[in-house]
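Here's the letter readout for the chains.
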Amino acid sequence: MQIFEYNGSALVAMVGKNCFAIASDRRLGVQLQTIATDFQRISKIHDRLFLGLSGLATDAQTLYQRLVFRHKLYQLREERDMKPETFANLVSAILYEKRFGPYFCQPVIAGLGDEDKPFICTMDSIGAKELAKDFVVAGTASESLYGACESMFKEDMEPEELFETVSQALLSSVDRDCLSGWGGHVYVVTPTEVKERILKGRMD
Amino acid sequence: MECVFGLVGNDFAVVVADTSAVHSILVHKSNEDKIMILDSHKLIAASGEPGDRVQFTEYIQKNVALYQFRNGIPLTTAAAANFTRGELATALRKNPYSVNILLAGYDKETGPSLYYIDYIATLHKVDKGAFGYGSYFSLSMMDRHYHSGMTVEEAIDLVDKCIMEIRSRLVVAPPNFVIKIVDKDGAREYAWRESVKDAAVASA
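Residues numbered from 1 in each chain as written. Chains lettered and ligands numbered in written order. Predicted model: local features only at pLDDT ≥ 70, side-chain atom pairs only at ≥ 80, totals over all residues. Heavy atoms only, no water.

### Points about the overall build of chain B
Along chain B, the regular secondary structure elements total 4 helices and 12 strands. Over its C-alpha trace chain B gives a radius of gyration of 16 Å, about what one expects of a compact globule, namely 17 Å for 204 residues. Dimensions of chain B along its principal axes, counting C-alpha atoms only, are 45 × 40 × 40 Å. Burial statistics for chain B: of 204 residues in total, 50% are counted as buried. Roughly 9900 Å² of accessible area belongs to chain B as shown, and the carbon and sulfur atoms make up 53% of that amount. Of note, chain B has its 21 positive side-chain charges centred 2 Å away from the centre of its 25 negative side-chain charges. (Helix = DSSP H or I, 4+ residues; strand = E, 2+ residues; numbered from the N terminus. Rg over C-alpha atoms; globule rule 2.2 N^0.38 Å. Buried < 20%, exposed > 50% of the residue type's maximum accessible area, 1.4 Å probe, protein only. Areas by Shrake-Rupley, 256 points an atom, 1.4 Å probe, with all protein chains shown as cover. Lys, Arg positive; Asp, Glu negative; His and termini not counted. Charge placed at Lys NZ, Arg CZ, Asp CG, Glu CD.)

This is how it looks when you write it as structure tokens:
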């Protein structure tokens, strides 16, 4: 029994022109059995920063609670929101704290930094950051996602085209993975608005 | 094997649990109540290791009562569910409880709700949920016949269908089940479904 594949997940974040998109699947499973088809994997930290957590759902929930706590404390002390780069460092530090008894999660962080420049990164379960300029993926469907994103990605996509690309990449990848799927959740974030959309894909 | 399942109806939630206390091949008793009344408007149906099940649910029950004594108002179902998940999550990497929980409750403001909390502290709000080998049958029956806003009669009919399916298709099917319901009038026992009655204890 692989612990990272216990619940099943798929996450992808992509950079566009002054915007980013972050998308996840909606399945919550316990190995072969599907428990729910409306599970939220992506959470908002603040209006310009989103966190997706793939891997073991219980650790994703615990980690999310700890990170929200830390961010709220930061907001109280600094009287401002955290920059995405700072938040990525915080997540990395919190994960490495548990180096010899880790959280079984792979986070995907996406945000708009200074001057509305999109920032995305992912890291492994012990906090090794992987910054990318184009896209990052995580979850049981990550190998399919790498392939789909690599072929579909273009530089400087506008929000509408970015949404289409991310959605197609997500849906085609989860269709090849039995542990993820049951639709998709896509957030497209620009400096002025956040658009949340639910995708209907193969429900199996 | 232990069968626990539940669903949310129009303005009530119903949970069902088998009532066998089993030790390897021996059935100690067939009228073990595995659904605890947490407080006036909450039910906690638990399955798993017997010692942990009783110990953990009593612990939760007493802490929920303590909150009410200290603060003068009862916890909401969501708060109780999150508290339960927190306790399971804290114990997970030290001294884990092997207890799967379905927490059903009724709140005046938000109506009925059902929370799925598995033994590794994965929390999810669901309309229908199930644990154990019986879940393979009861979840499928509920997927087929469930619709939102069911009346009590329809829901109990579905519950009976699930019990029939478990009895006929599960090789180690438990003979007896208890059904408990929670609605605006509170949490209470609804019915038993017995096919084997324990022999009456001879009077002294």
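After that view, the rundown keeps rolling.
### Structural notes on the side chain of Asp25(A)
Residue and element names in this part refer to chain A. In this structure, Asp-25 sits in strand β2 (residues 20–25). By relative accessible area, Asp-25 is classed as buried at 0%. At a separation of 3.0 Å, a polar atom in the side chain of Asp-25 contacts the main-chain amide nitrogen of Ala-10. Of the polar contacts made by the side chain of Asp-25, one reaches the backbone nitrogen of Arg-27; its length is 3.5 Å. Apart from the residues within four sequence positions on either side, Asp-25 is in contact with Ser-9, Ala-10, Phe-39, Arg-41, Leu-170, Val-174, Ser-180, Gly-181, Gly-183 and Gly-184. (Polar contact = N/O pair within 3.5 Å; in protein donor to acceptor, adjacent residues only side chain to side chain. Contact = heavy atoms within 4.5 Å.)

### A short note on the environment of Ala155(B)
All names here are of chain B. Note on placement: Ala-155 falls in helix α4 (residues 152–169). A sequence separation of 124 residues divides Ala-155 from Asn-31, and the C-alpha atoms of the two residues are 23 Å apart. Among residues more than four places away in sequence, those in contact with Ala-155 are Leu-7, Phe-12 and Met-150.

### So, the environment of Ala10(A)
With respect to the secondary-structure elements, Ala10(A) resides in strand β1 (residues 10–15). Filtering out sequence-adjacent residues up to four positions away, Ala10(A) remains in contact with Ala23(A), Ser24(A), Asp25(A), Ala138(A), Gly139(A), Ala141(A), Leu145(A), Leu170(A), Val174(A) and Ser180(A).

### Remarks on the nonpolar core
In this structure, Phe5(B), Leu7(B), Val14(B), Val15(B), Leu102(B) and Val159(B) are the most contacted members of the largest nonpolar core, which totals 51 residues. With 7 residues, α4(B) is the largest single contributor of residues to this core. Membership of the second largest hydrophobic core comes to 24 residues, among which are Val137(A), Phe153(A), Phe163(A) and Val186(A). (Core = buried A, V, L, I, M, F, W, Y, C linked by side-chain atoms within 4.5 Å.)

### Comments concerning the packing of helix α1 (residues 57–78) of chain A against helix α2 (residues 84–97) of chain A
Residue and element names in this part refer to chain A. Orientation of α1 relative to α2, taken along the N-to-C sense of each, is 130°, at an axis distance of 11 Å. When the axis of α1 is compared with that of α2, the two are oblique. Two packed elements cross with a definite hand, and for α1 against α2 that hand is right-handed. Contact with α1, carried on its side by Leu-63, Arg-66, Leu-67 and Arg-70, involves Phe-87, Leu-90, Val-91, Ile-94, Leu-95 and Glu-97 of α2 and no other residues of that element. Taken together, the residues of the contact of α1 with α2 break down into 7 nonpolar, no polar and 3 charged. (Axes fitted to C-alpha atoms, helices over the stretch in contact; angles between N-to-C directions. Parallel < 35°, antiparallel > 145°, perpendicular 65-115°, else oblique. Left-handed = near helix turned anticlockwise from the far one by under 90°. Nonpolar A, V, L, I, M, F, W, Y, C, P; charged D, E, K, R; others polar.)

### Focus on the interface of chain B and chain A
The partner chain A presents 21 residues to the 16 residues of chain B that form the contact. Together chain B and chain A conceal approximately 1400 Å² of surface at their shared face, both sides included; 47% is due to carbon and sulfur atoms. In terms of surface lost to chain A, no three residues of chain B exceed Arg85(B), Arg93(B) and His124(B), which account for 38% of the buried area on that side. Here chain B is connected to chain A by 1 salt bridge. Residue Asp59(A) pairs with Arg93(B) through a salt bridge whose shortest N-O separation is 2.8 Å. Viewed at the interface, chain A and chain B are joined by 10 residue pairs in polar contact (both at pLDDT 80 or more). (Buried area = accessible area lost by both parts, 1.4 Å probe. Salt bridge = Lys/Arg side-chain N within 4 Å of Asp/Glu carboxyl O.)

### Digging into the sheet that holds strand β6 (residues 49–55) of chain A
All names here are of chain A. Judged by pairing direction, the sheet is antiparallel, and its 5 strands sit side by side in the order β5-β6-β7-β8-β9 without closing on themselves. Edge strands, defined here as strands with exactly one partner in the open sheet, are β5 (42–46) and β9 (129–132). Here the strands of the sheet are splayed against their neighbours by 20° on average, with no regard to which way each runs. When β5 meets β6, the two strands line up antiparallel, connected through 4 bridges. Bridge assignment links Ser-43 to a residue of β6, and that residue is Leu-51. (Pairing = 2+ DSSP bridges.)

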